[in-house]
Every structure is written in structure tokens, then in C-alpha cells.
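# Observations on the model geometry
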Amino acid sequence: MYRLIKVFRRSFSSAVRSSNPLSVNDAAKFYAPHFGVSVSTMYKWLQQNPSVIELDREDTAKKVLYLKHVNVTADEIFQKPQILSYHLVTLENRTTIMRECGLVETLDLNIICNSLRLLRKSIDQLKRHQLIPKDLNMYEQLKRQFEHPIEPRFRWDDQTVLQDMRVPFIDEFLSQRLTLTEADREKLWKSYSKIKYKSFGHTQRVLDILQYEYKFSRDKLIANMYLLHADPENLLRYPEQVPAIGGIELKELAVKYPKIVMVNHATVAKTIAILNQHSIPEAELLKCLCILTLAPSTIEKRIERLKSVKEFEVLAKHPRVLKLIQYQTKATIRLEYLQQLKVRCASLDVLSSHSQNFERYVREGCDRTKGKDTAHFLKAMFGEGGEAALQKIKRHPNWFHVPIVQMKDTVEALLKQQYTNDDILDNVHILLYPLNRIEEKLQVLANKAKVNEDLGLDVSQASQTQKLALALYLIELEFHFTGDGVWPEQMQQSDSTSSITIELPESLSTEYKFGKKPPATTTPS
């Protein structure tokens, strides 16, 4: 197995070297001045380490600059290229922790790479390996790292593990700074124990920014302890790069939705730009801020998918379309599930709501819309006339059993036949009827002699609006004006007031329950 992995790695490196000579050359020209080496030297090293080419260049350049700032040479980076795959904030954090613990003169790239391992060493081991001075008092060393007196009480000596020395100081600092109760401390160390891997300087700086710049209250911080992992540089740059979202100041928004500050400001700016490109108003973000936690590339792919699935595409102008983008994976599974049940009127809320709401919708077994999606569709279609169109449509006894996908198909078909929006608006009930039935009656009207004889009308003098009105009349005449003409032929209703009952088909997997795909089964080899 190990040999196979080695062969794969060699093949991968060879493929990158042979297939991307231009990208290697471009990368070499970009990185050479940052590393302080010639382009040819850089080119040769990149050929040997193709994974570096795949990294974001600007981010990598910042990492190189930081490493040089802490006296790491280009030769050291060349020997350990994996260091460039770390996040910049991780490099800063590891370097700071080592310095806080007294590893100043001995700090090099090897120590930065192995900082987590060194934290598990005893103070005595660090002294014996000459990584810290032999006369260093670790308690006093850690105590000096805080702006205010922090003196936790615990027993220690040189046999104590370095990380075990650090934890009481973090605990005491947070207890004093946030006035933590015993319950708060239990929550902190149970749910956010990785805070022990953050430097003291990082933790103090994050709290300073959140409390004094963003005006987070003590209670807000305790309720969102994950904020201790925020990047302080990102916090400071946020208000400059993204001053406001949807007209609300960023700092005010962060207090209402703290998770936003955990996302890089550049990522949020890029997401906003993508939404603007697709004509999604920035103000809509305020209704679905959680979408900012998705990668911009993911959002773009999901927007493209909206256009390829007609049940989603018809909701593209919906004010809450971001909710559909946020939960698109879940919505896709649910849509597939409902289609197996032959449900036609699933709304945006049904597709993206909580599991309990979706389960209740299926259990109730009523294939109908509540009208919100219909209202938004008509408003997008007719503008100011959308509200009047909705009120007209609501007069029909079965309007809530017609999916907006069907209505959209009908609109598009009529527009292709040279009917205008005004023609359709004047006969808006036509949108409730199956397209094949409408086209059949319009074809009948095209046979002017026959219609003139049956109805006693001169159809040749009828306008487009009047033709649609006549088509409506002919459809309902066939169904004795009961309103039952809206039902497709395969689901004719004997009682127009009854609801459509969802029936489970025999082919439906019992495990495929309420829109949750069954776990993939592995076949024995």
C-alpha cells in the first residue's frame, strides 16, 4: 500500500510538472522576490513541490513575509514547504505561544512546526534540550504575559507539562475578565477546550476588540464563547472593508449575528458581489445571514443550479431565495422525495424549513400552497398589478392546488404565442389551468367557422384578451363551471373542495423518510 502511495505521489508531481509549465513559470516569477531568490531557483523548487502552486498566491506571500519577520530564512522554508499550507493566523499563534513560554532565542521554523508537540513536554525536558534558559521560572514567565495581575493557584514544578501550566492562567484570566460562574467555566472547557491552544496575547486582544470596538456585552460573549477563536486582524479590518450590509452597520450586525465575524471579511465582500451580479438585493442578506458562512464558490454553484432545476428556477425572484440557496442540498433531497409522492405544490418554506415542519407537512397529506410563493410570482410577473392578480386568483375555489411551476410554464407559452402581460393579467385565472387544456381550446377558437356556429360569435373580430376569455369559458363549460378544470387529467377531482391526498407509492423506500436519504450501503467485496 505504501509503495502505491509513493507511486501515486510521483505520478502526481510528474503530471503537474509536465502539464502546467506556464503556471509554474508564473508562480516562480511571483514568488521569487518574496523569497529573495532567483526565478530559476524558484522554478526548480516549485517543480519539486507542486502543491505550493495550488495555494493562494497573495495568502502565501503574506505567510512568507511573516516567517521572514520572525527570522525564518528562505532555505528553511525550502526544507519544510508544508509550513506554507498552514493558515497565517495559525503561524502567528504558534509563534506567539512559543515566545510567551520563553522560547525566544531558540525560536526557528522547526520549533514552529513542532509547537504542539513541545506543549506536551515538561519544563524540565525543555530545559535539558536547551530550548529555554535553565533558570527560567515558568510561572513568572507566564504571569508576565498579562496586562493585569493573573495569579492562579495550583501546584507545579519543573516536571509539570508546559500545556498544564498554561491552562490555569487562561482559566483565571477568563474568569476575571468575564466574571465567569462555575457553570460558565464548565461550559467553556467542555465545549471550547481548544482555547488552550490560543496564545494569551491573542485571547486578550480578541476580547479587547469585541468589548471595546464592537461593544459586545459580557453576557453576549459568554453565550458565544467560540468568538475567542476569532482572528483579531480580521476583526479590525472588517468595518473598513465591509462597513455595512443591507444598510446596517457591520458592528451592529455582528452583535445580532456574531458568527459573521468568524468569516473572513474578503469572503463576505466577495459573496455580496456575487449576489449583486445575480440581481439579489443586498438587503435580503439580513433575512439569511447564515449564507455568509458558505464559500463564495459554493454560493455561485448553487445559484447556477437554481437555473437548471425548474422547481427552483421559478423561485429565483422570491424575496427569500437565499434560504433556498443556503439549504439547497436539503431542498433537493426533499424535492426528489415529494416528487416520488407526486406532490406538486411544495413551497419554498416546505423545501427549506425545519425537519419537524416538513414532517408535519407530509403527515398532513395535503398537496396545497399557502399562497406566499404564488403572491411573489405574480408580483414578479405583473409588477404593481401582482396584488390585484392575486386577489382575482383567490376567487377560484382550487387556486391553492396549482403549483407556480405550472403557472410559469403557461405564462411563457402564452407570451410565445404573442399574448401580452396585459392580456394574461385581464384573464389571470387562465394561469390555473393545465397548459394542454388551454392550447386545445385556443386551437378550437382558431377554427372560426366552428366557433361561430356553436357560440354564435364572430371570433375573427375578437382581440387577444377576448380569445383568452373565450378559452377560459370553453374550459369551464366542459366542467360545468365547477372549477374542476384546473386538475390535470390524471388527478381529476369529483369534489372541488376536497384536498389532494398524498399517497406513498410502493416503489418508495421506507428508509427514504421525510426527505432524508438512507445511508449508502456498501456491497461486500
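Structure: above.
Presented here is a report on the structure given in the accompanying data block. (Residues numbered from 1 in each chain as written. Predicted model: local features only at pLDDT ≥ 70, side-chain atom pairs only at ≥ 80, totals over all residues. Heavy atoms only, no water.)

Moving on to the overall build of the chain. Check the secondary structure of the chain and you find 30 helices and two strands. Buried residues in the chain amount to 46% of all 525 residues. Put simply, 67% of the contacts in the chain that link residues at least 6 apart link residues at least 24 apart. Total accessible area on the chain is roughly 28400 Å²; 50% of this is exposed by carbon and sulfur atoms. (Helix = DSSP H or I, 4+ residues; strand = E, 2+ residues; numbered from the N terminus. Buried < 20%, exposed > 50% of the residue type's maximum accessible area, 1.4 Å probe, protein only. Contact = heavy atoms within 4.5 Å. Areas by Shrake-Rupley, 256 points an atom, 1.4 Å probe, with all protein chains shown as cover.)

Mapped onto the secondary structure, Thr96 falls in helix α6 (residues 88–100). It is 7.6 Å that separates the C-alpha atoms of Thr96 and Gly201, two residues lying 105 residues apart in sequence.

The subject of this paragraph is a nonpolar patch on the surface. A cluster of nonpolar side chains, Tyr473, Leu477 and Phe481, forms an exposed patch at the surface whose accessible area comes to about 290 Å². By the secondary structure assignment, Tyr473 is in helix α30 (residues 464–478). Using a relative accessible area of 37% as the deciding quantity, one classes Tyr473 as partly exposed. (Patch = residues over 30% accessible without salt bridge, like charges linked within 9 Å, V, L, I, M, F, W, Y side chains within 5 Å. Salt bridge = Lys/Arg side-chain N within 4 Å of Asp/Glu carboxyl O.)

As enumerated under the stated definition, the model contains 17 aromatic pairs in all. Note on Phe30 and Tyr31: the rings are 5.2 Å apart at their centroids and 80° apart in plane angle, and the pair reads as edge-to-face. Ring geometry for Phe146 and Phe200: centres 4.7 Å apart, planes at 35°, overall tilted. Residue Phe146 is located in the loop between α10 (138–143) and α11 (162–178), and its partner Phe200 is located in helix α13 (residues 200–213); the two are separated by 54 residues in the primary sequence. Owing to a relative accessible area of 9%, Phe146 belongs among the buried residues under this scheme. Taken together, Tyr139, Phe146, Phe154, Trp156, Phe169, Phe173 and Phe200 form an aromatic cluster joined through their ring pairs. For the cation-ring pair, Lys330 lies above Tyr327, with the distance from its terminal atom to the ring centre recorded as 4.5 Å. (Phe/Tyr/Trp six-rings, centres within 6.5 Å; stacked < 30°, edge-to-face > 60°. Lys NZ or Arg CZ within 6 Å of the ring centre and 35° of its normal.)

Here the focus is the nonpolar core. Residues Phe35, Leu46, Ile245, Leu338 and Leu378 are the most contacted members of the largest nonpolar core, which totals 148 residues. A per-element tally of this core places α11 first, with seven residues. (Core = buried A, V, L, I, M, F, W, Y, C linked by side-chain atoms within 4.5 Å.)

Turning our eyes to something else, we now look at the pattern of salt bridges. Enumeration over the complete set of coordinates arrives at 20 salt bridges. A salt bridge links Glu182 to Arg185; the nearest nitrogen and oxygen atoms lie 3.5 Å apart. Of the two residues, Glu182 and Arg185 are both situated in helix α12 (residues 182–191); the distance of three residues between them amounts to about one turn of the helix. When its relative accessible area of 28% is taken as the criterion, Arg185 is described as partly exposed. Residues Asp349 and Arg320 are paired through a salt bridge, measuring 3.2 Å at the closest nitrogen-oxygen approach. With Asp349 in helix α22 (residues 348–352) and Arg320 in the loop between α19 (310–313) and α20 (321–326), this pair connects stretches of sequence that are 29 residues apart. Within the structure, one salt-bridge network assembled from shared partners comprises Asp171, Glu182 and Arg185.

Let us look at the side chain of Ser352. Within the element layout of this structure, Ser352 appears in helix α22. Of the polar contacts made by the side chain of Ser352, one reaches the backbone oxygen of Leu348; its length is 2.8 Å. When residues no more than four places from it in sequence are discounted, the contact partners of Ser352 are Lys323, Tyr327, Lys330 and Arg334. (Polar contact = N/O pair within 3.5 Å; in protein donor to acceptor, adjacent residues only side chain to side chain.)

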